[in-house]
Amino acid sequence: QQQVRQSPQSLTVWEGETAILNCSYENSAFDYFPWYQQFPGEGPALLISILSVSDKKEDGRFTIFFNKREKKLSLHIADSQPGDSATYFCAASPGNYKPTFGKGTSLVVHP
Amino acid sequence: DTTVKQNPRYKLARVGKPVNLICSQTMNHDTMYWYQKKPNQAPKLLLFYYDKILNREADTFEKFQSSRPNNSFCSLYIGSAGLEYSAMYLCASSRVGGALAETLYFGSGTRLTVL
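Residues numbered from 1 in each chain as written. Chains lettered and ligands numbered in written order. Predicted model: local features only at pLDDT ≥ 70, side-chain atom pairs only at ≥ 80, totals over all residues. Heavy atoms only, no water.

### Some points on the overall build of chain B
Applicable threshold: Each helix is a run of DSSP H or I of at least 4 residues and each strand a run of E of at least 2, with the numbering of both proceeding from the N terminus. Radius of gyration here is computed from C-alpha atoms only, and the compact-globule reference equals 2.2 Å multiplied by the residue count raised to the power 0.38. With a 1.4 Å probe rolled over the protein chains alone, any residue whose accessible area is under 20% of its type maximum counts as buried; one over 50% counts as exposed, and the rest are partly exposed. The criterion used for residue contact is that any of the two residues' heavy atoms lie within 4.5 Å. Only the protein chains shown count as covering a residue, and every accessible area follows the Shrake-Rupley method with a 1.4 Å probe.
The helix and strand tally for chain B stands at 0 helices and 11 strands. Reading the secondary structure of chain B in the N-to-C direction produces β-β-β-β-β-β-β-β-β-β-β. Taking 13 Å as the expected radius of gyration for a compact globule of 115 residues, we find that chain B reaches 14 Å, a close match to that expectation. For chain B, the spread of C-alpha atoms along the principal axes amounts to about 45 × 30 × 30 Å. The burial tally for chain B puts 47% of its 115 residues in the buried class. A sequence separation of at least 24 residues applies to 57% of the contacts in chain B between residues at least 6 apart. Carbon and sulfur atoms make up 50% of the accessible area of chain B, which amounts to about 5,800 Å² in all.

Written out as structure tokens, the structure reads:
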């Protein structure tokens with residue numbers, strides 16, 4: 001049973017466009033939602049995160065929109081750059097440990 | 001220094017033979033995790049140490065062992081490797097215990113191939 005689902009599996013956008021990556025979850029106990037970015041040959045690294053008490057979190061070009069009622073969230077990458085090409089993992093956890101990950105979205109940004 | 005190091009980067013093993021993977025961190029983190037990542041699948045939590053206490057997931061309980069002789073070091077042990085163990089193994093660490101959610105710091109992984 002997959003508790004965290006991500007879509008699409010892969011996404012291609014042009015430089016300057018906004019990339020939208022989606023995530024949904026099933027467990028109502030999840031209250032912390034980090035997004036991790038992984039480049040080839042490296043381990044995942046925290047990009048941005050949100051707590052369930054918030055409905056939006058911004059960090060530069062990266063924004064998380066969170067809908068607790070629908071158990072959905074999305075990561076928006078504004079003004080996408082070729083350097084943003086990576087795999088993005090949505091994760092969720094109850095409290096601050098033992099996160100459950102989604103399968104990831106592979107993003108390609110064409111110049 | 002926020003580095004988690006994993007050795008080796010690539011490992012080849014024979015079916016039925018034991019495998020030992022190594023992870024280290026110098027951030028004095030109290031929690032260390034092991035995840036298994038297969039293509040087109042989500043990273044799957046195998047087990048984690050909180051301080052000296054080992055917690056293994058129910059569905060991988062009998063397949064993986066681990067040891068943590070000190071705060072910085074953690075190993076993952078497979079007693080008898082099967083073809084299904086071929087995967088990327090990711091080690092991560094975090095500081096748990098405060099009110100705020102903490103970041104997981106990942107190593108670059110060990111790619112295990114079982115033949």
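### Considerations on the sheet that holds strand β3 (residues 19-25) of chain A
Residue and element names in this part refer to chain A. This is how it is decided: Between any two strands, pairing holds if DSSP finds at least two bridges. Every angle, taken between N-to-C directions, lies between 0 and 180 degrees, and every axis is a line fitted to C-alpha atoms, over only the stretch in contact when it is a helix.
Taken together, 5 strands build an open sheet; the order of strands is β1-β3-β8-β7-β6 and the sheet is antiparallel. If you trace the sheet from one side to the other, it starts and ends with β1 (4-7) and β6 (56-59), each paired once. Between one strand axis and the next, the sheet turns through 15 degrees on average, direction left out of account.

### Regarding the packing of aromatic side chains
Note the threshold: Two aromatic rings, drawn from Phe, Tyr or Trp (for Trp, its six-membered ring), form a pair once their centres lie within 6.5 Å of each other, and the interplanar angle then sorts them: stacked below 30 degrees, edge-to-face above 60, tilted otherwise.
Applying the stated rule across the entire model yields 14 aromatic pairs over all chains. Chaining the aromatic ring pairs together yields one cluster made of Tyr-36, Phe-89 and Phe-101 of chain A together with Tyr-33, Tyr-35, Phe-48 and Phe-106 of chain B.

### Some points on the interface of chain B and chain A
We apply this condition: Summed over both partners, the accessible area (1.4 Å probe) lost when two parts come together is defined as the buried area. Salt bridges, as used here, are contacts in which a Lys or Arg side-chain nitrogen is within 4 Å of a carboxyl oxygen on Asp or Glu. Distance and chemistry together define a polar contact, namely a pair of N or O atoms within 3.5 Å, with one atom able to donate a hydrogen and the other to accept it when in protein, and with adjacent residues in sequence counting only for side-chain atoms on both sides. In this count, Pro and Cys sit with the nonpolar residues alongside Ala, Val, Leu, Ile, Met, Phe, Trp and Tyr, while Asp, Glu, Lys and Arg are called charged and the others, Gly among them, polar.
Across the boundary between the two partners, chain B contributes 23 residues, which contact 16 residues of chain A. The junction of chain B with chain A conceals about 1,600 Å² of combined surface from both sides, 61% of it contributed by carbon and sulfur atoms. Taken together, the links from chain B to chain A amount to 0 salt bridges. One can count 4 residue pairs in polar contact (both at pLDDT 80 or more) joining chain B with chain A. Mapped by element, the contributors of at least two residues to the side of chain B that touches chain A are β4 (31-37) and β5 (44-50) of chain B. When residues of the side of chain B that touches chain A are assigned to their parent elements, the largest contribution, 3 residues, is made by β4 of chain B. A class-by-class count of the residues in the side of chain B that touches chain A yields 12 nonpolar, 7 polar and 4 charged.

### A look at the state of the cysteines
Chemically, a disulfide is nothing more than a covalent bond linking the sulfur atoms of two cysteines. All names here are of chain B. This is how the line gets drawn: The rule for a disulfide is simple: a pair of cysteine sulfur atoms within 2.5 Å.
Taken as a whole, this structure holds 2 disulfides over all chains when the rule is applied. Across the disulfide, Cys-23 is cross-linked to Cys-91 (sulfur-sulfur distance 1.9 Å). On the S-S bond that ties Cys-23 to Cys-91, the torsion sits near -75 degrees, and the link is left-handed. With a gap of 68 residues between them, Cys-23 in strand β3 (residues 19-25) and Cys-91 in strand β9 (residues 87-94) connect regions that are remote in the sequence. Of the residues examined, Cys-23 reaches a relative accessible area of 0% and is grouped as buried. When its relative accessible area of 0% is taken as the criterion, Cys-91 is described as buried. This cysteine, Cys-74, is not joined by any disulfide, and Cys-91 carries the nearest cysteine sulfur, 6.0 Å off.

### With respect to the sheet that holds strand β7 (residues 65-70) of chain B
Residues and elements named next belong to chain B. Reading across from one edge, β1-β3-β8-β7 is the order of the 4 strands in this open sheet, with antiparallel pairing throughout. Each of the sheet's edge strands pairs with one partner strand only, and the pair in question is β1 (4-7) and β7. Neighbour to neighbour, the strand axes of the sheet diverge by 20 degrees on average, direction disregarded. One ladder, built from 6 bridges, connects β3 with strand β8 (residues 73-78); its direction is antiparallel. Residue pairing in the sheet places Ser-24 in a bridge with Phe-73 of β8.

### Focus: the pattern of salt bridges
Under the counting rule described, the total for this entry stands at 5 salt bridges over all chains. For the salt bridge of Arg-61 of chain A with Asp-84 of chain A, the shortest nitrogen-to-oxygen distance reads 2.8 Å. With Arg-61 of chain A in the loop between β6 and β7 (62-67) and Asp-84 of chain A in the loop between β8 (72-77) and β9 (86-92), this pair connects stretches of sequence that are 23 residues apart. A salt bridge links Lys-44 of chain B to Asp-59 of chain B; its shortest N-O distance comes to 2.4 Å.

### A short note on the pairing of β8 of chain B
All names here are of chain B. Pairing of β7 with β8, which is carried by 4 bridges, proceeds in the antiparallel orientation. For Asn-70, the partnering residue across the bridge sits in β8 and is Phe-73. Connecting β7 to the next strand, β8, in antiparallel fashion are 2 residues.

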